[in-house]
There are 4 protein chains.
Amino acid sequence: MPPDSGPPRPRRARELGIAPGELAPGRGNAITDVPGVRVGHATVVEGDDIRTGVTAIVPTALGADRRTLPAAISVGNGYGKLVGATQVAELGVIETPVALTATLSAHRVADALLGWMLERPGYEETTSINVVVGETNDGFLSDIRRRPITDDHVREALRTASADRPDEGCVGAGTGTVALGYKAGIGTASRHVEVAGSPCTLGVLVQSNFAGRLTVLGVDASPDVLVGPDAGSPTPPGNSCMLVVATDAAVDARQLGRLAKRAGFGLARVGSHFTHGSGDYAIAFSTASPTGAPVPDASLNGLFLAALESVEEAVLNSLLTATTTSGYRSRRAIAVPREALLDRLADAGALGPG
Amino acid sequence: MPPDSGPPRPRRARELGIAPGELAPGRGNAITDVPGVRVGHATVVEGDDIRTGVTAIVPTALGADRRTLPAAISVGNGYGKLVGATQVAELGVIETPVALTATLSAHRVADALLGWMLERPGYEETTSINVVVGETNDGFLSDIRRRPITDDHVREALRTASADRPDEGCVGAGTGTVALGYKAGIGTASRHVEVAGSPCTLGVLVQSNFAGRLTVLGVDASPDVLVGPDAGSPTPPGNSCMLVVATDAAVDARQLGRLAKRAGFGLARVGSHFTHGSGDYAIAFSTASPTGAPVPDASLNGLFLAALESVEEAVLNSLLTATTTSGYRSRRAIAVPREALLDRLADAGALGPG
Amino acid sequence: MPPDSGPPRPRRARELGIAPGELAPGRGNAITDVPGVRVGHATVVEGDDIRTGVTAIVPTALGADRRTLPAAISVGNGYGKLVGATQVAELGVIETPVALTATLSAHRVADALLGWMLERPGYEETTSINVVVGETNDGFLSDIRRRPITDDHVREALRTASADRPDEGCVGAGTGTVALGYKAGIGTASRHVEVAGSPCTLGVLVQSNFAGRLTVLGVDASPDVLVGPDAGSPTPPGNSCMLVVATDAAVDARQLGRLAKRAGFGLARVGSHFTHGSGDYAIAFSTASPTGAPVPDASLNGLFLAALESVEEAVLNSLLTATTTSGYRSRRAIAVPREALLDRLADAGALGPG
Amino acid sequence: MPPDSGPPRPRRARELGIAPGELAPGRGNAITDVPGVRVGHATVVEGDDIRTGVTAIVPTALGADRRTLPAAISVGNGYGKLVGATQVAELGVIETPVALTATLSAHRVADALLGWMLERPGYEETTSINVVVGETNDGFLSDIRRRPITDDHVREALRTASADRPDEGCVGAGTGTVALGYKAGIGTASRHVEVAGSPCTLGVLVQSNFAGRLTVLGVDASPDVLVGPDAGSPTPPGNSCMLVVATDAAVDARQLGRLAKRAGFGLARVGSHFTHGSGDYAIAFSTASPTGAPVPDASLNGLFLAALESVEEAVLNSLLTATTTSGYRSRRAIAVPREALLDRLADAGALGPG
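Residues numbered from 1 in each chain as written. Chains lettered and ligands numbered in written order. Predicted model: local features only at pLDDT ≥ 70, side-chain atom pairs only at ≥ 80, totals over all residues. Heavy atoms only, no water.

Regarding the overall build of chain A
Then, in step 1: Each helix and strand counted, chain A has seven helices and 16 strands in total.
Then, in step 2: What you see for chain A is a C-alpha radius of gyration of 19 Å, in line with the 20 Å of a compact globule of 354 residues.
Then, in step 3: Dimensions along the principal axes, computed over C-alpha positions, put chain A at roughly 60 × 50 × 45 Å.
Then, in step 4: Counted over contacts in chain A with a minimum sequence separation of 6, partners at least 24 positions apart contribute 80%.
Then, in step 5: When the accessible surface of chain A is totalled, it reaches about 10800 Å², and 50% of it is carbon and sulfur.
Then, in step 6: Here chain A holds 31 positive side-chain charges and 37 negative ones, and the gap between their average locations is 2 Å. (Helix = DSSP H or I, 4+ residues; strand = E, 2+ residues; numbered from the N terminus. Rg over C-alpha atoms; globule rule 2.2 N^0.38 Å. Contact = heavy atoms within 4.5 Å. Areas by Shrake-Rupley, 256 points an atom, 1.4 Å probe, with all protein chains shown as cover. Lys, Arg positive; Asp, Glu negative; His and termini not counted. Charge placed at Lys NZ, Arg CZ, Asp CG, Glu CD.)

A few points about the sheet that holds strand E9 (residues 186–195) of chain C
Residue and element names in this part refer to chain C.
Then, in step 1: Taken in spatial order, the six strands make up an open sheet running E4-E3-E14-E13-E10-E9, and their pairing is mixed. Lying at the two open borders of the sheet, with one neighbouring strand each, are strand E4 (93–94) and E9.
Then, in step 2: As paired elements, strand E3 (residues 69–78) and strand E14 (residues 279–286) share seven bridges and run antiparallel to each other. Bridged to Ala72 within E14 is Ala284. (Pairing = 2+ DSSP bridges.)

Topic: the relation of the copies chain C and chain A
Between the two chain copies there is a screw-like relation: a rotation about an axis and a shift along it.
Then, in step 1: Of the transformation superimposing chain C on chain A, the axial component is 0.0 Å and the angular component is 180°, with the fit at an RMSD of 0.0 Å. Here the symmetry operator amounts to a two-fold rotation axis. The C-alpha atom lying nearest the rotation axis in chain C is that of Gly218 of chain C; the distance is 1.8 Å.
Then, in step 2: Here 100% of the interface residues in chain C have copies in chain A that are interface residues too; the copies meet face to matching face. (Least-squares fit on C-alpha atoms with pLDDT ≥ 70 in both.)

Observations regarding the interface of chain A and chain B
Then, in step 1: Taken residue by residue, the interface counts 38 residues in chain A and 38 residues in chain B.
Then, in step 2: A combined buried area of about 3300 Å² lies between chain A and chain B, and 49% of that area is made up of carbon and sulfur atoms.
Then, in step 3: Our count for the chain A to chain B interface comes out at six salt bridges.
Then, in step 4: Residue Glu125 of chain A pairs with Arg329 of chain B through a salt bridge whose shortest N-O separation is 3.2 Å. (Buried area = accessible area lost by both parts, 1.4 Å probe. Salt bridge = Lys/Arg side-chain N within 4 Å of Asp/Glu carboxyl O.)

So, the nonpolar core
Then, in step 1: Counting 117 residues, the largest nonpolar core has Ile18 of chain A together with Ile18 of chain C as its most contacted members.
Then, in step 2: What Ile18 of chain A contacts, discounting residues up to four positions off in sequence, is Ala13, Val216, Leu217, Leu316, Leu320, Leu341, Leu342, Leu345 and Leu351 of chain A.
Then, in step 3: Residues Val193, Val195 and Leu342 of chain B together with Leu256 of chain D belong to the second largest nonpolar core, which totals 116 residues. (Core = buried A, V, L, I, M, F, W, Y, C linked by side-chain atoms within 4.5 Å. Buried < 20%, exposed > 50% of the residue type's maximum accessible area, 1.4 Å probe, protein only.)

Some details on the relation of the copies chain A and chain B
Then, in step 1: Least-squares fitting of chain A to chain B yields an RMSD of 0.0 Å, with the transformation described by 0.0 Å of translation along the axis and a rotation of 180°.
Then, in step 2: Looking at the interface residues of chain A, 100% of them are also at the interface in chain B, so both copies use one shared face.

Observations regarding helix H7 (residues 338–347) of chain A
All names here are of chain A.
Then, in step 1: When H7 is considered as a whole, its buried residues turn out to be Leu341, Leu342 and Leu345. Viewed end-on, H7 has its buried residues packed into an arc of 95°, placing them on one side of the element. Away from its buried face, by an angle of more than 90 degrees, H7 presents the exposed residues Glu339 and Asp347.
Then, in step 2: Looking at the buried side of H7, the elements it contacts are strand E11 (215–216), strand E12 (219–220), helix H4 (223–226) and helix H6 (301–320).
Then, in step 3: Positive phi appears at Gly349, one or two residues downstream of H7, with a value of about 70°. (Arc of directions from axis to C-beta.)

Structural notes on the side chain of Glu95 of chain C
All names here are of chain C.
Then, in step 1: Inspection of the secondary structure puts Glu95 in the loop between E4 and strand E5 (98–102).
Then, in step 2: Side-chain polar atoms of Glu95 contact the side chain of Gln87, separated by 3.3 Å.
Then, in step 3: From its side chain, Glu95 meets the backbone nitrogen of Asn130 in a polar contact 2.8 Å long.
Then, in step 4: Discounting chain neighbours no more than four positions away, the residues touching Glu95 are Leu62, Arg67, Thr68, Gln87, Met117, Ser128, Ile129 and Asn130. (Polar contact = N/O pair within 3.5 Å; in protein donor to acceptor, adjacent residues only side chain to side chain.)

Observations concerning the environment of Ala24 of chain C
All names here are of chain C.
Then, in step 1: Within the secondary structure, Ala24 sits in the segment before strand E1 (37–46).
Then, in step 2: Sequence-wise, Ala24 and Ser190 are 166 residues apart; in three dimensions their C-alpha atoms are separated by 8.3 Å.
Then, in step 3: Those residues in contact with Ala24 that lie beyond four places of it in its chain are Ser190, Arg191 and His192.

A closer look at the interface of chain C and chain A
Then, in step 1: Between chain C and chain A, the residue contacts involve 26 residues of the former and 26 residues of the latter.
Then, in step 2: Buried area between chain C and chain A, summed over both chains or domains, comes out near 2200 Å², and the portion from carbon and sulfur atoms is 52%.
Then, in step 3: When residues of chain C are sorted by the area they lose upon contact with chain A, Phe265, Phe274 and His276 of chain C head the list and together hold 28% of the total.
Then, in step 4: Where chain C packs against chain A, one counts two salt bridges.
Then, in step 5: In this structure, the salt-bridge partner of Arg213 of chain A is Glu22 of chain C, at a minimum N-O distance of 3.8 Å.
Then, in step 6: In this structure, the connection of chain C to chain A is made through 14 residue pairs in polar contact (both at pLDDT 80 or more).

Digging into helix H5 (residues 253–265) of chain A
All names here are of chain A.
Then, in step 1: In a regular helix each residue adds 1.5 Å, so 13 residues correspond to 18 Å; H5 covers 19 Å between its end C-alpha atoms and thus fits that length.
Then, in step 2: The buried fraction of H5 amounts to eleven of the 13 residues, a majority that puts the element mostly inside the structure.
Then, in step 3: Buried within H5 we find Ala253, Gln255, Leu256, Gly257, Arg258, Leu259, Ala260, Arg262, Ala263, Gly264 and Phe265. (Expected span 1.5 Å × (residues − 1).)

Re the packing of aromatic side chains
Then, in step 1: One pass over the full model with this rule turns up six aromatic pairs over all chains.
Then, in step 2: Relative to Phe274 of chain C, the ring of Phe265 of chain A has its centre 4.2 Å away and its plane inclined at 35°; by these criteria the two rings are tilted. Taken together, the residues Phe265 of chain A in helix H5 and Phe274 of chain C in the loop between helix H5 (253–265) and E14 connect one chain to another.
Then, in step 3: You can call Phe274 of chain C buried: its relative accessible area is 2%.
Then, in step 4: An aromatic cluster of three or more residues is present, and its members are Phe265 and Phe274 of chain A together with Phe265 and Phe274 of chain C.
Then, in step 5: Between the NZ or CZ atom of Arg67 of chain B and the centre of the ring of Tyr123 of chain B, over which it lies, the distance is 3.9 Å. (Phe/Tyr/Trp six-rings, centres within 6.5 Å; stacked < 30°, edge-to-face > 60°. Lys NZ or Arg CZ within 6 Å of the ring centre and 35° of its normal.)

Overview of the packing of helix H2 (residues 106–118) of chain A against helix H2 (residues 106–118) of chain B
Then, in step 1: Axis separation between H2 of chain A and H2 of chain B bottoms out at 8 Å; the angle between their running directions is 160°. One way to sum up the angle between H2 of chain A and H2 of chain B is to call them roughly antiparallel. Read as a crossing pair, H2 of chain A and H2 of chain B show a hand that is left-handed. Counted together, His107, Arg108, Ala110, Asp111 and Leu114 of chain A of H2 of chain A and His107, Arg108, Ala110, Asp111 and Leu114 of chain B of H2 of chain B form the full contact between these two elements. (Axes fitted to C-alpha atoms, helices over the stretch in contact; angles between N-to-C directions. Parallel < 35°, antiparallel > 145°, perpendicular 65-115°, else oblique. Left-handed = near helix turned anticlockwise from the far one by under 90°.)

Focus on the sheet that holds strand E10 (residues 198–209) of chain A
Residues and elements named next belong to chain A.
Then, in step 1: As summarised here, the arrangement of the six strands in space is E4-E3-E14-E13-E10-E9, forming an open sheet in which the pairing is mixed. Edge positions in the open sheet fall to strand E4 (93–94) and strand E9 (186–195), since each of these has one partner strand only.
Then, in step 2: Relative to E4, strand E3 (residues 69–78) runs antiparallel, the two being bridged by two bridges. By the bridge assignment for E4, Pro70 is matched with Val93.
Then, in step 3: Contacting E9, E10 and strand E13 (240–247), H6 crosses the sheet at an angle of about 160° to E9.

Quick word on the pairing of strand E1 (residues 37–46) of chain A
The side chains of a regular strand alternate, residue by residue, between the two faces of the sheet.
Residue and element names in this part refer to chain A.
Then, in step 1: Pairing analysis gives ten bridges linking E1 to strand E2 (residues 50–59), with the strands arranged antiparallel. Bridge pairing in E2 places Thr43 opposite Gly53.
Then, in step 2: Counting the residues that bridge the hairpin from E1 to E2 gives three residues, and of these Gly47 lies at a positive phi of roughly 55°.

Notes on the environment of Cys200 of chain C
Residues and elements named next belong to chain C.
Then, in step 1: By the element assignment, Cys200 lies in strand E10 (residues 198–209).
Then, in step 2: Between the C-alpha atom of Cys200 and that of Ala249, which follows or precedes it by 49 residues, the distance is 5.6 Å.
Then, in step 3: The residues touching Cys200, leaving out its near neighbours within four places in the chain, are Arg191, His192, Val193, Val195, Asp248 and Ala249.

A look at the pattern of salt bridges
Then, in step 1: A full pass over the atoms with the stated rule returns 76 salt bridges over all chains.
Then, in step 2: Across the salt bridge formed by Glu119 of chain B and Arg155 of chain B, the nearest N and O atoms sit 2.9 Å from each other. Taken together, the residues span a long stretch of sequence, with Glu119 of chain B in the loop between H2 and strand E6 (132–136) and Arg155 of chain B in helix H3 (residues 151–159) at a distance of 36 residues.
Then, in step 3: Taking the relative accessible area as the measure of exposure, Glu119 of chain B reaches 55% and is therefore exposed.
Then, in step 4: Across the salt bridge formed by Asp220 of chain C and Arg213 of chain C, the nearest N and O atoms sit 3.0 Å from each other.

A short note on the packing of helix H5 (residues 253–265) of chain B against helix H6 (residues 301–320) of chain B
Residue and element names in this part refer to chain B.
Then, in step 1: Here H5 crosses H6 at 35°, and the two axes come no closer than 8 Å. Of the two elements, H5 crosses H6, and the hand of that crossing is right-handed. For the pair H5 and H6, contact is made by Arg258, Leu259, Arg262, Ala263 and Phe265 and by Leu303, Phe304, Ala307, Leu308 and Val311, respectively.
Then, in step 2: A class-by-class count of the residues in the contact of H5 with H6 yields eight nonpolar, no polar and two charged. (Nonpolar A, V, L, I, M, F, W, Y, C, P; charged D, E, K, R; others polar.)

Next up, the structure:
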């Protein structure tokens, strides 16, 4: 979204002085900092009942010339309907963009993404393709049983995918999600890191929808503390977190699996309770040319830290850019109260120069 | 299908004197011998191009009273689009019937099965459900890219599910499949076995669509041998085998995982080459009451052998009951030539009393 | 160690006012709060070069009457020589106490533990037993290549195992370990929690030896901050963390696997960087009678939180009870400076009533 | 063993006309056909009670220059004490030769192998190394509880490792093993295969010790059939099969995992019942230079078939070269009766030109 196309964007964590970690973010502090990664959203809001959507993470290299990218999926907690996991595990690649949506629409989105792939040039004879779709349950704010996502929504997310920093908060697959007691949504962040002597970028996009106590820079920022007892949004069942990790480091599928695992660990930094009903998955892929020299595992620590930090900041961005939202059955999820948060962080001496 | 509703069924392996293994089959020698397991098919044949369908394995216990059954999935080779795997792994249960279909229709079938579940009594407030759908690629005989499976087909397979011995061969999800150089399809078999002192039944249903050299009772029965050089059906890409295992033994999810693995091993007995492109998955579930005493692992050998033998016989049934079929792009898959096979088995002294 | 047998023990985290989490600790705030769990140490210090040992976690139920306990191992990062993992995964049980030691002594300890088991009453005819031994690399402070652990050390740890709160810090398998820039060692903690309506206890014992930035109650307490630039102990290669989780909740092996995973996630709370070279494993077992009713997965959230919190506090205990130690090649690992830490926590408003 | 150093070797399967599969064997039809792979044995026979030993598979490339080889372990059935599995899974490499021995000696062998590695040139500062040791239970013929394997035996197997075709049958780790009702032991076989246009070799070495009905070229050759009712050797508890697969194809760890899985599937071809108590593991490694171009997965079918066939033939070799053996507690395991077997195979028309 170009800056002149709408209202000013909500300020992100780092703009508020909340700068987790020690590594430097990429230019846009977004997954789109990884060259060749685009993101698009379809936001679906209808009346009082529907608050949902689709977010597509599109590696532009995938297409007629290059049919696969090295990839891995780490299952932090498998309570979720992730589409495509077993083939990614077997072959160590993704063959399509990654789409995110609502739980009960996951299979519709998978079918639509499949249709879109089959129509692409170079895929005229393709009879087998493994689509990857993640989901979280937005049924607290949205009438999820209506399954409102259509083929057109999926195509919209794919068609509008852009290399610009993606919108965050209540957009796309994050339109109706709730995390850590607050309205949540889509968030993104990135880090620059040197891997085996080469500068690389790692970016993360999250669809946040999970339970726990919001922790910002180590400080308890749960609704109990910032708002008052029982003030937070109730935790919906089936709460979850989808993490998408992209990098241009020339890591292989096994190494991406190690990286994806660290992305999941990063959820602890913002206070996830890793509950039974949370489908916590991380999908990591590399856009690097397959001809690059292999990266020794001993060089991965920078990437690992980048994943931890990017997940932390992306979740904070998903919360801080979201706005208080009402929806299905008149339920309401409140935005993180920024002033109260910043006051509390200041008291704890946790704020950076901002 | 009641016996009077159509032409006589093709003779199954055992009726031809081909009786693999040492354990006794169940009454119908079918997965439906396991009490509470029903099977339904929707066979989809349109003009010259469409040879596909849906097969549903329906545990009747699943419903308003009992929301889950212990289950496990074993991935023999993960080149496949199996829907629902990660949640089965995490929670050790299935929540829905298991549906089988064609690769590119898997997500449509998943969405239709989901819709059917949401409409069931007792599921009015359900906002999360993990459907399980397996697939193999019938694109050799069917125009798989058209994705002809509809909601109605899935509902037909579910609605017609019956406790009778299911039809085999070119029906349901086996309408267009090809295995070991011959026309294949759906097959089933079962075994009686004692587990920790209690009589139990184990049944298997296969959707056979994989590469290798057909081996019957240890005898090479590949097209090279039975028909002539280069006589067999070409192996389509994405060939695979789905195995569904049901038992009334009171085994838990971990034990079902061990059982599912053995089901996969059973494919070696009929000559599978376990090729790169074969999505070989086994889904095992138990219908036993959850209050039963746990079964010691040391008592599982009977069930393990039952799985090996039932898979062997079910694959043979899928081939022997299938008929020569023409389809998409005028391709043709020939049925196993029975006379030639029986002659060869007789020569090798491999036939039982028949 | 009875309270009158030596110098006063170092104060633990909670005694200093550092009380992470929201759940109530068990009576001793130790893994030995779980009924039937004993812990013993053999501390091996020789001259300037050897700083190592063995710690044994002994479930008293294991023996002639009960040959196994439900158990699971979660591999956070598999850079480590954990002994016994594959059989625990297959059968979902442990058959022996769990022993912890130094990397290059793991196999000696495994063999000694095996010998001890074979001598126990009721094991006279046993010809197969799966010992479980974890390790971390104490080669920074100890001449690990000398492999000084003997059969006698293992027997000492087993023989002295007691239901009292175990010693922490520089004892047993923690004698030579270093974590987060400070001298570390053995730590323990526990939580009371209700599971499906029944009061249960979960206890954790850690052998801490991993890299990252020490984070206490969310506050950065790394050597950079508390001591000064480059003040911390260098991170040894092969740094790792072993986590042992015990509970009397009647959870099965699959559920213990879920629990063990959360234990690993808990390392993020104290600042682990989950580096490449860190062997991070969690072993969880249940002492519950096998006749107990199964626990629904939806009741596990309390246990999951207990695991997260107990790991956090156990690691803090391992650091706060450790003392500055010199060793091999005149290397030195400093203890966490308590005054500086407490000052910093007070400044951040993070200290409890203590 | 040079041909003139002792009695004539027993004839192997292929020398008897038993030639399973369709691919051409390597020059020696042995794992040592893979360039850079050596095998050594230490056979330990003492009085009437000890029938055991050590077999070492030594990749000569491992040493000061090259510290790791790509590798993977597939767990067919995890009832076994395999040493080193989790690190191989995490890092995708082996760092040492692979040693095979008896169950209760596995940790002693691991410790001895570790000591040998630490003494090698270039390992003077090594403080972490992941040894890989497999085992099966030879307790039927050997007093396994005595744990007679010493450091010297391990060094003998390593020192005598040779690029010649290894001895088979009752040698090394196969001295006391029993499989499929007969005396078994060590066996080996190999295949030539083209992978992505390049000629490659795949070799297998087995330590066979598992239950089932011996099946030779598809023909039932169990003791019931060849000898008479109840004639076979009783199946010892803890029976198992270790499979080691070496190739010079430039496959990576993920691909080696796929290959190792197929090796396990190959056990079905000789009649394995994949029983509960059988520790069935396959370890696959590649000796290819790391600079080779990656092999597409679609090119792996030849290697997969080579693994299936080599395992089948290696197990047959392990049985056919073994001799009737008496041991502990006057137990006796009979060799496969060759004449009866060959007669039966001839009757079934299964013999090749021989």
